[in-house]
Amino acid sequence: MGTQEHQIDLGHLLAFDPLHHFPSPPSSREELVKECLQKGTELVQSIADTLFNLPSTEDIDGPLVKLPPPTTRLPREKHLPKPKPPTKWELFAKAKGIKNRKKDKIVYDEQTGTWKRRHGYDRVNDDEDIPIIEAKMTDEAGEDPFAKRQAEKKKRVEKQEKNRLQNLKQAAKVGALPSHIQLAATALPITGTQTAPKKVSKNELEDVASMAATATASGGKFDKKLPGEKPEKHKGKYRKFLPVVEGTGIGSLEKQQTEKILNKLISKNSHEILNVDRAINMYNVKKEKKRKNRQGKDSSTSSKLKPKKQLQKKSLKKGTSKKGKSK
Amino acid sequence: MLKIKTPKSGKAKREIEKRAPKLVESGKKTLILQGTKTSNVLNAVLAEIYHLKKDSAVRYTRKNENIRPFESGGETSLEFFSLKTDCSIFVFGSHSKKRPDNLVIGRTYDHHIYDLVEVGVENFKSMESFTYDKKLAPKVGSKPFIAFIGEGFESVDELKHLKEVLLELLRGEVVENLNLAGLDHAYICTAVSSNRVFFTHCAMRLKKSGTIVPRMELVEVGPSMDLVVRRHRLPNDSVRKEAMKTAKEQPKKKVKNVSQDVIQGKVGKIYVPDQQVGSVALPNKAKGLKRERREAKMKHETNDRAPKKQKENSE
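Counting restarts for each chain, with residues numbered from 1 along the sequence as it is written. Each chain gets a letter, beginning with A, and each ligand a number, beginning with 1, in the order they are written. Two thresholds apply to this predicted model, a pLDDT of at least 70 for residue-level local features and 80 or more for giving and counting side-chain atom pairs, whereas whole-chain, interface and lining totals are computed over all residues. Water and hydrogen atoms play no part in the side-chain values, which are based on all heavy atoms of the structure.

- An unreviewed UniProt entry lists chain B under the name Ribosome production factor 2 homolog, from Vitis rotundifolia.
- UniProt positions are given in the numbering used here, feature names are shortened, and annotations may be inferred rather than shown by experiment. Entered under Sequence similarities (unreviewed entry) in the UniProt record, the comment concerning chain B runs "Belongs to the RPF2 family."

- In the annotation of an unreviewed UniProt entry, chain A is listed under the name Ribosome biogenesis regulatory protein and assigned to Vitis rotundifolia.
- Taken from UniProt, the Function (unreviewed entry) comment for chain A reads in full: "Involved in ribosomal large subunit assembly."

What follows is the structure in structure tokens.
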């Protein structure tokens, strides 16, 4: 069979045989598959015939062929990118015949006598570099010229930002907003306030709603829930205090906790736990004290009292711990 | 009040820019998903379609309750998924008593449904059931050959539509330059009757024939199935006209450092970096010219003499 019978679209590597039809429906599935494969091989061969005869360039990975544009037209995935409308300044500049001139990035700064950037950080004529502003006749008394300069700059920046937003809005209307920019609506500012309120997020609203729901005598326990309303988020206590009194179970938890912290602290400084110098010092001081005590023993006989005191203390402690258990 | 929202990180910005409409598009992604009920056959079909298109497909494995592409209101969540995953072809599987093993293949334009074709799957044979030499197994992402056989694809309206949709689904990445060594598989679709299409996937064996063109041999590698056309919806005429628009002029790449001159013609600018005389390799490697030696010598000359003198003084 010749290739004229087949429609070939090399752009998609597609071949189509519109003339073929089965003279008699194949009796079994194997026959059908066999016939299809045979016909398919023919078509594939005819694609290959045209494809391999295209001029090719040798590459390390194999011969490269430049495919012709496809003849079967397929729909686009997204609309064509729309041209950006001119900004207000661009319109004005066109009307007035103003053309962009290229400016140097670096400018000589007379204040400091060096070359500096035109814009941005550490730029020419930076506010911080101006030590003196000469007084003029028009100056008002009691006005800080430096503060005025700064305020003017701030105003200019704000105005530019406003213009930018206006231009973006204009572009959004046509649907030609740059892909990475989104214009999000915020809540209307309350009259009288200067700043626009921040947009309240869904989570914040839910929190507020659940907080308001608990403002009944029962703490919101018996309230009817609206369809779709979620149960309040924070139920019950936030923070638990462990019992201070020692005991078993939870009672011993407090001790464990403090021990854990202590162990951590001690193990952290374990390498310096034995200060040899200090130990020797202490030993020496003790020795000295003993010697002194021996000298003054004759006058005072308080040594017998000391062990008694300790006994009393111990008994007291035991008493309290027992009480704690009984509770 | 309006607020300007921009991505906070460079990566996010690049990701968004990838999704922006382009003058020349580079291929569509496929979303593969199913309804509340599927059959074993359908699960296998969806899995294998995903397998064939692994480089440019997204597979949703959860049940989707309210997707009914042909009914009004049943396409909203589908359109949302298309927007979310940036896919513009979808393959949706569902199984019911009325329409067993149902497969809806559709396309979207601007994340709105463009057209739909509904087919039933019959006589499905999975990839695993075919035995062949594994050396022939097609690679992921290679460009396939596609062959359509039968007059049905031209005379019957539904099949004509199915052909276009299948072509878009199967064609793979849109490329300008093709490596001939990478050709390894072909899809064969045959119109058996007015509503039945036999679909199979074959590997190609390129054999020497004595000429430039190799002799092709097809080996069935699966999956293979019968697609029975059920319902279909053609695109709206106005939408179709809109979607078929192409850019007239191709975007030209900016050529740097080349300019045209009236007198000299084409002028190119070449950047020549400063000559690094110190690090140039010398033709003959004389020992005395080695840098370390020279430097060491210089060091010795300056450092060593002073301490020696001091020693003498001290003694």
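Additional details are given in the paragraphs that follow.
## A few points about the nonpolar core
Line of reasoning, step 1. The biggest cluster of nonpolar side chains holds 38 residues, and the ones touching the most others in it are Leu103 and Phe148 of chain B.
Line of reasoning, step 2. Only DSSP runs of H or I covering at least 4 residues are called helices, and only runs of E covering at least 2 are called strands; the numbering of each starts at the N terminus. If you tally residues by element for this core, the top one is helix α5 (residues 157-170) of chain B, at 7 residues.
Line of reasoning, step 3. Membership of the second largest hydrophobic core comes to 30 residues, among which are Val65 of chain A together with Ile188, Phe198 and Leu218 of chain B. To form a nonpolar core, buried Ala, Val, Leu, Ile, Met, Phe, Trp, Tyr and Cys residues must be joined to one another through side-chain atoms within 4.5 Å. Think of it in three bands: residues with accessible area under 20% of the maximum for their type are buried, residues over 50% are exposed, and the middle band is partly exposed, with areas taken using a 1.4 Å probe on protein chains only.

## Quick look at the sheet that holds strand β3 (residues 56-58) of chain A
Line of reasoning, step 1. At least two bridges found by DSSP between two strands are what make those strands a pair. An order of β3(A)-β4(A)-β8(B) is seen for the 3 strands of this open sheet, with the pairing classed as antiparallel. Where the open sheet ends on each side, the last strands, each with one partner, are β3 of chain A together with β8 (177-179) of chain B. Sheet twist, expressed as the average angle between the axes of neighbouring strands with direction ignored, equals 30°.
Line of reasoning, step 2. Looking at chain direction, β3 of chain A and strand β4 (residues 63-66) of chain A are connected through 3 bridges and run antiparallel. The partner of threonine 57 of chain A across the bridge, within β4 of chain A, is leucine 64 of chain A. An axis is simply a line fitted to the C-alpha atoms; with a helix, the fit covers only the stretch in contact. Between two such axes, the angle follows the N-to-C directions and lies from 0 to 180 degrees.

## Concerning the interface of chain A and chain B
Line of reasoning, step 1. Contact definition: two residues touch when any of their heavy atoms are within 4.5 Å. Contacts between the two partners involve 63 residues from chain A and, on the opposite side, 77 residues from chain B.
Line of reasoning, step 2. Each of two parts loses accessible area, computed with a 1.4 Å probe, when they are put together; buried area is these two losses added. Summed over both partners, the interface of chain A with chain B comes to about 6,400 Å²; 65% of that surface belongs to carbon and sulfur atoms.
Line of reasoning, step 3. If you sort the residues of chain A by the area they bury against chain B, Phe52, Arg76 and Glu77 of chain A come out on top, with a joint share of 13%.
Line of reasoning, step 4. Think of a salt bridge as a Lys or Arg side-chain nitrogen and an Asp or Glu carboxyl oxygen that are within 4 Å of each other. Applying the counting criterion to the chain A and chain B interface returns 3 salt bridges.
Line of reasoning, step 5. In the analysis that follows, any N or O atom pair within 3.5 Å is treated as a polar contact, provided that within protein one partner can donate a hydrogen and the other can accept it, and provided that, for residues neighboring in sequence, both atoms belong to side chains. Inspection of the chain A/chain B interface yields 26 residue pairs in polar contact (both at pLDDT 80 or more).
Line of reasoning, step 6. Looking at the side of chain A that touches chain B, the elements that each hand over two or more residues are β2 (14-17), α1 (29-52), β4, α3 (145-174) and β7 (182-185) of chain A.
Line of reasoning, step 7. For the side of chain A that touches chain B, the leading source of residues is α1 of chain A, giving 16 residues.
Line of reasoning, step 8. Of the residues assigned to the side of chain A that touches chain B, the class counts are 34 nonpolar, 16 polar and 13 charged. Three categories are distinguished: nonpolar for Ala, Val, Leu, Ile, Met, Phe, Trp, Tyr, Cys and Pro, charged for Asp, Glu, Lys and Arg, and polar for the others, with Gly belonging to the last.

## A short note on unusual backbone geometry
Line of reasoning, step 1. Here the residue pair glycine 222 of chain B and proline 223 of chain B is connected by a cis peptide bond, since its omega of 0° sits within 30 degrees of zero.
Line of reasoning, step 2. As for its placement among the helices and strands, proline 223 of chain B is situated in strand β11 (residues 215-233).
Line of reasoning, step 3. Although it is not a glycine, leucine 13 of chain A sits at a positive phi angle of roughly 55°.
Line of reasoning, step 4. In this fold, leucine 13 of chain A is placed in the loop between β1 (7-9) and β2.
Line of reasoning, step 5. Leucine 13 of chain A sits in the buried class, given a relative accessible area of 0%.
Line of reasoning, step 6. If you check the backbone angles, asparagine 123 of chain B has positive phi at about 50° while not being a glycine.
Line of reasoning, step 7. Positionally, asparagine 123 of chain B belongs in strand β6 (residues 112-125).
Line of reasoning, step 8. On the basis of relative accessible area, asparagine 123 of chain B is assigned to the partly exposed category, the value being 42%.

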